[in-house]
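Understanding the architecture of this molecule
The lines below spell out each chain.
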Amino acid sequence: MKYEKLESIKGFLHGGDYNPDQWLDRPEILDEDIRLMKQAGVNVVTLGVFSWSSYEPTEGVFQFDWLDSMMDRLYENGIHVILATPSGGKPPWMAKKYPETMRMREDRVRHHYSDRENQCNSSKIYREKVRIIDEKLAERYHNHPALIMWHISNEIYGTCHCPQCQENFRAWLKQKYGTIEELNRQYWSRFWSHQYSDWSEIESPAAGIGEQAVHGLILDYKRFYSDLTVDFIRQEIQAIRRYSRDIPVTTNTFHHDCGVNLADLAKELDVASWDLYPRWHCGDDKTTEWDCAVSASFDLDYCRSMKRQPFYLMESVPSVPSQFAVCKLKRPGMHLLSSIQAIASGSESVQYFQWRKGRGGYEKFHGAVISHNGSGETRVFRDVCKVGRVLKEWKEIKGAVTESKVALVYDWENFSALAGQVSLKNKKKNFREMVQEYYGALLKQYVSVDIISQNDDFSGYQLLIAPNLYLFRDETPEKIRRFVEEGGNVILSVYSGLVNENDLAYEGYPPHGLNDVFGIRSEEVDSLCDDEYNTITYRGKSYRVMDYCDLLQEDGAEPMAFYERDFYKGMAAVTRHSYGRGTAYYVAGHMEEAFLVEFLSDVIRKAGITPILEVPYVSDVMVKERKKNGTRYLFLMNFSMETRTIRVGEHDHVLDGYGWEILKQC
Ligand code: GAL
């Protein structure tokens, strides 16, 4: 029932954020918008993301007439609506009358009215104001035929440190630890005389002027605030659900490290959605197009894995973004290719921020479908129309799923803990890079990958890869043991299994609780300077190791590669150990990607995992697949400007620069 209207739309959603309340005095523009939307094959718009001051210009005075007529007109023209709750941005009257609705910084300075997404999630008055406006929207529009989805807030992120949040944090800690003695034990607080004698002494951490030395506390504050934010979203969903039970809810997520554990947030949502703004054509970070494609793909697969089902690309830019150090135009072909990449990764939509550029405000030059010239005769508009046509042509793919036998463990709690950890390399840990290199190497094997957390269910996967899983929750070793025992293959890499969920070091040798499964003990870890490297030999070839080198004692494992330099020359750098019906591999360093490609290809073959395509990697060509009712859709995507040829079965497929092809195989 909940998905009925959404599913009744035949084919993908195409559209984006639309802000007609910025143009209410220009009826001819609104007419033109609808005409151009139809021309571009737009079948959905997201309304009201930041419309609070248009709905409630002064406290308690509501006006929805403009939205009534907009919803009606859109529907009459075959365009559906995703309706947002406006909690991502508040009107100035609210901050003036209720300053406690504004967030407080770590240095305990209250924000002035400004920007957006800066509310305190503890503020009772803010929650109340949000509840009122959300209920009004739900009551008024729940039956509107145009409505297909609720969009809660916008890209929720960040933390607050106000007195109310401090109180709530202490209550959260009490709930978690029960006694102050237990908290002191977990925080190891005799160190530097940090023992708390009473809950009231606990303050949230603060860079520069506050606690930064108790890692358990830092991690707990992140968890507390994540729980608070999830609760804030949950409250918004409840307000909507009071009147609207039959329409799915989502919130547009956009960053793995936005201060919220997205695995928790996903549980509250009916569908997951993502805002994606890759730095195509290198932009400010000087990476290659392929690297950018891998990073974009990582985000898309991450979002699909949040609920392990198709998701929605809620925002992307049809032309030039405005938020980067160097903002590049999307080169001809890239808009369509990047849209295909989203669909290939499991998205049910291609949506933009935004439909029409505003004339003022912070984002007046952020690329939109319609620019200030108001014309439909532009390169960008033609590109958007092309996407509309292709989505229509391939509408049968909607609902097709991605099946993955390989999972990458990329865990919010782990990377939150690693961020605060002091040792090895403190300035540049390169954690995300390491994870992404594994992911990139997997893409080069043409296998599908899910990106999961250590709390997720591992069953159904044949290969689990957990790079640098520093933090083990208490149950993690047992889960990994069982997974291997029952025939799974697992790869753990350097500096894994060091601390418990409170960042308290485990006694014994890492990886904690798994020495017998991996047949190794990690005794020490060396760090390398940024311009330094060691090398290893693997199957007769030499590869670089950067950043970290775990020094292993073998205890039954078979060494597969050896360090070639330094005092640990000759020691094992990669090991393999059979355990139960499965195999446990340990990769002791941050290996260069070329090694990962070779190594993963061997592991995948040995594990009996069937790739999407069994051909050697063709430079810059990404391959993904979706399946539905016995049909598989194969997506071939060339992220280079040069022509590439890839063999599928008996045939060579020639892809032009930024070219793509979808193959249907029954
Ligand atoms: C998103 C945000 C949009 C818009 C866009 C511009 O992060 O949700 O409102 O600001 O970025 O890139």
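Scroll up to find the structure.
Let us look at the structure shown here.

Conventions adopted
- Residues numbered from 1 in each chain as written.
- Predicted model: local features only at pLDDT ≥ 70, side-chain atom pairs only at ≥ 80, totals over all residues.
- Heavy atoms only, no water.
- Near = heavy atom within 4 Å.
- Polar contact = N/O pair within 3.5 Å; in protein donor to acceptor, adjacent residues only side chain to side chain.
- Areas by Shrake-Rupley, 256 points an atom, 1.4 Å probe, with all protein chains shown as cover.
- Nonpolar A, V, L, I, M, F, W, Y, C, P; charged D, E, K, R; others polar.
- Salt bridge = Lys/Arg side-chain N within 4 Å of Asp/Glu carboxyl O.
- Helix = DSSP H or I, 4+ residues; strand = E, 2+ residues; numbered from the N terminus.
- Buried < 20%, exposed > 50% of the residue type's maximum accessible area, 1.4 Å probe, protein only.
- Pairing = 2+ DSSP bridges.
- Axes fitted to C-alpha atoms, helices over the stretch in contact; angles between N-to-C directions.
- Disulfide = S-S within 2.5 Å.
- Core = buried A, V, L, I, M, F, W, Y, C linked by side-chain atoms within 4.5 Å.
- Contact = heavy atoms within 4.5 Å.
- Expected span 1.5 Å × (residues − 1).
- Arc of directions from axis to C-beta.

1. With respect to the site of the ligand
Residues in contact with the ligand, as listed here, are F50, R116, N154, E155, D275, Y277, E315, Q323, F353, E363 and H366. Contact distances for the ligand include 3.0 Å between an oxygen atom and a side-chain N or O atom of N154. At 2.8 Å, a side-chain N or O of E315 approaches an oxygen atom of the ligand. Starting from 310 Å² of accessible surface for the ligand in isolation, the protein chains cover 94%. Looking at the shell around the ligand, its residues break down into 3 nonpolar, 3 polar and 5 charged.

2. Section: the pattern of salt bridges
Taken as a whole and assessed by the stated rule, the structure comprises 51 salt bridges. Among the ionic pairs, E396 bridges to K664, the shortest N-O distance being 2.8 Å. With E396 in the loop between helix 13 (379-393) and strand 10 (406-409) and K664 in strand 25 (residues 660-665), the pair connects residues that are 268 residues apart, well separated along the chain. Assessed through its relative accessible area of 30%, E396 is described here as partly exposed.

3. A few points about unusual backbone geometry
Of note, the bond from F353 into Q354 is cis; its omega dihedral lies within 30 degrees of zero at -5°. For Q354, the position within the fold is in the loop between strand 9 (349-352) and helix 13. Of the consecutive residues P510 and P511, the connecting peptide bond is found in the cis state with omega at -5°. Mapped onto the elements of the fold, P511 is located in the loop between strand 13 (489-493) and helix 17 (515-518). With a phi angle near 55°, Y446 is a residue other than glycine that sits in the positive phi range. In this fold, Y446 is placed in the loop between helix 15 (431-444) and strand 11 (449-452). On the basis of relative accessibility, which here comes to 0%, the residue Y446 falls in the buried class. Not every positive phi belongs to a glycine, and D566 is a case in point at roughly 70°.

4. Side note on the sheet that holds strand 22 (residues 631-638)
The 3 strands are arranged 21-22-25 in an open sheet whose pairing can be described as antiparallel. For this open sheet the edge positions go to strand 21 (621-628) and strand 25, each flanked by a neighbour on one side alone. With direction set aside, neighbouring strand axes in the sheet form an average angle of 15°. Of the pairings in the sheet, the one linking strand 21 to strand 22 comprises 8 bridges and is antiparallel in character. Bridge assignment links K627 to a residue of strand 22, and that residue is R632.

5. Quick word on the state of the cysteines
This model, assessed by the stated rule, comprises 0 disulfides. Considering cysteine sulfurs only, C165 is the nearest to C120, which forms no disulfide, with 3.7 Å between them. With no disulfide of its own, C303 lies closest to C258 among cysteine sulfurs, the gap being 12 Å. Residue classification places C303 among the buried residues on the basis of a relative accessible area of 0%.

6. As for the nonpolar core
What tends to happen in soluble globular proteins is that the nonpolar side chains get buried as a cluster. Membership of the largest hydrophobic core comes to 173 residues, with the highest contact counts inside it found for L83, I491, F518, I536, F595 and F599. No other element matches the 10 residues that helix 11 (residues 289-307) contributes to this core. If near-sequence neighbours (up to four positions away) are discounted, I536 is found in contact with K541, S542, Y543, V545, A561, F562, Y563, E564, A573, V574, M591 and F595.

7. Quick notes on the environment of E106
Take E106: it is sitting in the loop between helix 5 (92-97) and helix 6 (124-141). Its relative accessible area of 33% is what places E106 among the partly exposed residues. Among the polar contacts listed, one links the side chain of E106 to the backbone nitrogen of A207, at a separation of 2.6 Å.

8. Overview of the environment of A417
Considering the arrangement of structural elements, one finds A417 in helix 14 (residues 412-420). Residue A417 is classed as buried on the basis of its relative accessible area, which comes to 3%. Sequence-wise, A417 and L228 are 189 residues apart; in three dimensions their C-alpha atoms are separated by 19 Å. In this structure A417 touches L219, Y470, L471 and D503, once residues within four positions along its chain are discounted.

9. As for the pairing of strand 10
Side-chain alternation along strand 10 places V406 and L408 on one buried face and A407 and V409 on a second face that is also buried. Relative to strand 11, strand 10 runs parallel, the two being bridged by 4 bridges. Each residue of the ladder has a partner; that of A407, found in strand 11, is D450.

10. Description of the sheet that holds strand 9
Read from one edge to the other, the open sheet built from 6 strands follows the order 5-4-3-2-1-9, with strand pairing classed as parallel. The sheet is open, and its two edges are formed by strand 5 (249-250) and strand 9, each paired on a single side. Bridging between strand 2 (residues 44-47) and strand 3 (residues 80-84) involves 4 bridges; their strand directions are parallel. Paired with T46 across the two strands is I82, which belongs to strand 3.

11. Overview of helix 7 (residues 163-177)
Counted at 1.5 Å a residue, the expected span for helix 7 with its 15 residues is 21 Å, and the 21 Å between its end C-alpha atoms agrees. Burial in helix 7 covers these residues: C165, Q166, F169, R170, W172, L173 and Y177. Take helix 7 and look down its axis: the buried residues cluster within an arc of 160°, on one side only. On the buried face of helix 7, the contacting elements are helix 8 (180-187) and helix 9 (215-241). In the segment just after helix 7, G178 is the residue with positive phi, at about 80°.

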